[in-house]
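Below, each chain spelled out in residue letters.
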Amino acid sequence: MRAKITALGCYTPPRILTNYELENLVDTSNEWILERTGIRERHIADPDIATSDMGTEAARKALAQAGVDPKSLEAIVLCTVTPDMFFPSTACLIQHHLGAPRAWGFDLIAACSSFVYGLNTVAQFVQSGLHRRVMVIGADTMSRIIDYTDRNTCVLFGDGAGAMIVEPAEEGEDAGLIDFIGEIDGAGGEYLKMPAGGSRMPPSHETVDKRLHYVHQDGQQVFKYAVRKMYELCAEILKRNHLTAADVAVLIPHQANKRIISATADRLGLPPERVMINIDRYGNTTSATIPLATQDAIAQGSLKKGDLVLFVAVGAGYTAGASLWRWAY
Ligand code: UT7
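This report concerns the structure included in the present document. Since the model is a prediction, treat every value here as computed from it, not as a measurement.

**Overview of the overall build of the protein chain**
- Helix and strand content of the protein chain: 11 helices and 13 strands.
- Taking 2.2 N^0.38 as the reference for a compact globule, 329 residues should give roughly 20 Å; the C-alpha atoms of the protein chain span a radius of gyration of 19 Å, in line with that estimate.
- Expressed as lengths along the three principal axes of its C-alpha atoms, the size of the protein chain is roughly 60 × 45 × 35 Å.
- Looking at the protein chain residue by residue over its 329 residues, the buried ones come to 55%.
- Contacts spanning at least 24 positions in sequence make up 77% of the contacts within the protein chain whose residues lie at least 6 apart.
- Summing over all exposed atoms, the protein chain offers an accessible surface of approximately 13900 Å²; the carbon and sulfur share of this is 52%.
- In the protein chain, 31 side chains carry a positive charge and 38 a negative one; their mean positions are 3 Å apart.

Okay, here's the thing in structure tokens:
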């Protein structure tokens, strides 16, 4: 049994935070942000909106596109680093909001690689024959864990959500998952993290005063790893499937930095028109970048039925993953 993606829905909150507004918060400039990252603006959730709200909206759009009832969902995997709370899981909250009583599910935390991991996980549920209709959602409210006094990080992230429905391909249909590679390297854990709030450093006045509940990143270390690993995973997954970059209709990478994406594409020999970049409008939405970029690739005609699409992501952990699909619709 082969798993295929049958629908996609995305949600971004309406409020937009531009680089120019950030110039008023920290010592930065629109020129620096644009040149070093490719970001122009990002969406920011209103205070009363949390990750489950955005995830639910994205899920509803995917269900509407597929024209299927939430009651037919058998599992929901919710990818995030910003759950509404530690428990209950945000997957439970979304299952309830959607009205999907048959679905079991859980939250998956793999930072920026979460969606690629979650997509492969739900695909395995289908390919094993366990389920016939499952959903993966990537949703992050990064603005809740960003320190808007730290110019190293506050310019990078935005909020958003995206959801995909995965179902079995028809018999004989050439569509769906072809291959997946996942890789983690815990030695990179120091370089991108939210230090406090867990069992190692539970919340206290001290952790709040030291601003340890925010994202801390050594940007250069992560940059070097991302540039190398994105290329390596793409090259490996193509090679072991006897394909070349020329076979790929579109590369849809995690959107952390335009320079990381361009370096990967250059090394693979992919021309810009076959690489999806939309970081300019969303920034890094962590678990939501891949579905948001897929939505835009479809909208601009870069991804069509029958195309070979390569997803790739690198994130905190380190985590990294690539998956290759034949697009189904
Ligand atoms: O999605 C999860 C994975 N995350 C990533 O993949 C992020 C990877 N890293 C990056 O994208 C880049 O490293 C950053 C965009 C975070 C930083 O870009 P960079 O070119 O590596 O800059 P840098 O950290 O080497 O800093 C260069 C200079 C420094 O000033 P000095 O020491 O040379 O005087 C920084 O203080 O730029 C300064 N700087 C800024 N200047 C204006 C850092 N942030 C800013 C800023 N505005 N926002």
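Anyway, onward from the coordinates.
**Some words on the layout of surface pockets**
- Each pocket or cavity is described by its volume, and for the largest pocket that value is around 840 Å³.
- Lining the largest pocket are 27 residues, and of these Val-81, Ile-109, Ile-145, Lys-193 and Met-194 sit closest to its centre.
- Considered class by class, the residues forming the lining of the largest pocket number 17 nonpolar, seven polar and three charged.
- A domain-level breakdown of the lining of the largest pocket finds at least three residues from each of domain 1 (3–168) and domain 2 (176–326).
- In this model, the second largest pocket occupies a volume close to 620 Å³.
- For the lining of the second largest pocket, the secondary structure elements donating two or more residues are helix H2 (30–37), helix H6 (151–154), helix H8 (219–239), helix H9 (258–268) and strand S12 (308–315).
- Looking at which element gives the most residues to the lining of the second largest pocket, the answer is H8, with six residues.

**Here's the deal with the environment of Phe-311**
- Here Phe-311 is to be found in strand S12.
- By relative accessible area, which is 0% here, Phe-311 ends up buried.
- Phe-311 sits 125 residues away from Gly-186 along the chain, and the two C-alpha atoms are 22 Å apart.
- What Phe-311 contacts, discounting residues up to four positions off in sequence, is Ile-5, Val-116, Leu-119, Met-164, Ile-252, Ile-290, Thr-294, Gly-321, Ala-322, Ser-323, Trp-325 and Trp-327.

**Re H8**
- Over its 21 residues, H8 extends 30 Å from the first C-alpha to the last, a length consistent with the 30 Å expected when each residue adds 1.5 Å.
- Of the positions making up H8, those classed as buried are Val-222, Tyr-225, Ala-226, Val-227, Lys-229, Met-230, Leu-233, Cys-234, Ile-237 and Leu-238.

**With respect to the site of the ligand**
- Taken together, 22 residues lie around the ligand, and Thr-28, Arg-36, Gln-220, Asn-257 and Asn-284 are the ones closest in.
- Given that more than half its atoms are within 2 Å of the pocket grid, the ligand belongs to the second largest pocket.
- Elements supplying a minimum of two residues to the shell around the ligand: H2, H6, H8 and H9.
- Residue classes in the shell around the ligand are distributed as nine nonpolar, nine polar and four charged.
- Looking at the shell around the ligand, you find at least three residues from each of domain 1 (3–168) and domain 2 (176–326).

**What about helix H3 (residues 51–66)?**
- With 16 residues, H3 ought to run about 22 Å at 1.5 Å a step, and its terminal C-alpha atoms sit 23 Å apart, in line with that.
- Of the residues making up H3, those classed as buried are Thr-51, Ser-52, Met-54, Gly-55, Thr-56, Ala-58, Ala-59, Ala-62 and Leu-63.
- Where the residues of H3 are buried, they touch strand S1 (3–11), helix H4 (90–98), strand S6 (134–141) and strand S7 (159–168).

**Concerning the environment of His-96**
- When you line up the elements, His-96 lands in helix H4.
- Expressed as a C-alpha distance, the spacing of His-96 and Cys-112, which sit 16 residues apart in the sequence, is 26 Å.

**Let's talk about the sheet that holds S6**
- Overall, mixed pairing links the five strands, which are arranged S1-S7-S6-S4-S5 in an open sheet. Of all the strands in the sheet, just S1 and strand S5 (104–108) have a single pairing partner and so form its edges. Shown here is a sheet whose adjacent strand axes are inclined to one another by a mean of 15°, direction ignored.
- Note that strand S4 (residues 75–79) and S6 share five bridges and pair parallel. Looking at S6, one finds that Ile-76 is bridged to Met-135.
- Helix H5 (residues 114–127) contacts S1, S4, S5, S6 and S7 of the sheet and is inclined by roughly 165° relative to S6.
- Running over the sheet, helix H11 (residues 289–299) touches S1 and S7 and is turned about 95° from S1.

The rules behind each value
- Residues numbered from 1 in each chain as written.
- Predicted model: local features only at pLDDT ≥ 70, side-chain atom pairs only at ≥ 80, totals over all residues.
- Heavy atoms only, no water.
- Helix = DSSP H or I, 4+ residues; strand = E, 2+ residues; numbered from the N terminus.
- Rg over C-alpha atoms; globule rule 2.2 N^0.38 Å.
- Buried < 20%, exposed > 50% of the residue type's maximum accessible area, 1.4 Å probe, protein only.
- Contact = heavy atoms within 4.5 Å.
- Areas by Shrake-Rupley, 256 points an atom, 1.4 Å probe, with all protein chains shown as cover.
- Lys, Arg positive; Asp, Glu negative; His and termini not counted.
- Charge placed at Lys NZ, Arg CZ, Asp CG, Glu CD.
- 1 Å grid on protein atoms, 1.4 Å probe; cavity = no way out; pocket = protein on both sides within 12 Å on 5 of 7 lines; lining within 4 Å.
- Points joined across faces, edges and corners; volume = space filled by probe spheres on them.
- Nonpolar A, V, L, I, M, F, W, Y, C, P; charged D, E, K, R; others polar.
- Domains from an automatic or database assignment.
- Expected span 1.5 Å × (residues − 1).
- Near = heavy atom within 4 Å.
- Sits in = over half its atoms within 2 Å of the grid points.
- Pairing = 2+ DSSP bridges.
- Axes fitted to C-alpha atoms, helices over the stretch in contact; angles between N-to-C directions.

By themselves, these observations are geometric and do not establish any function.
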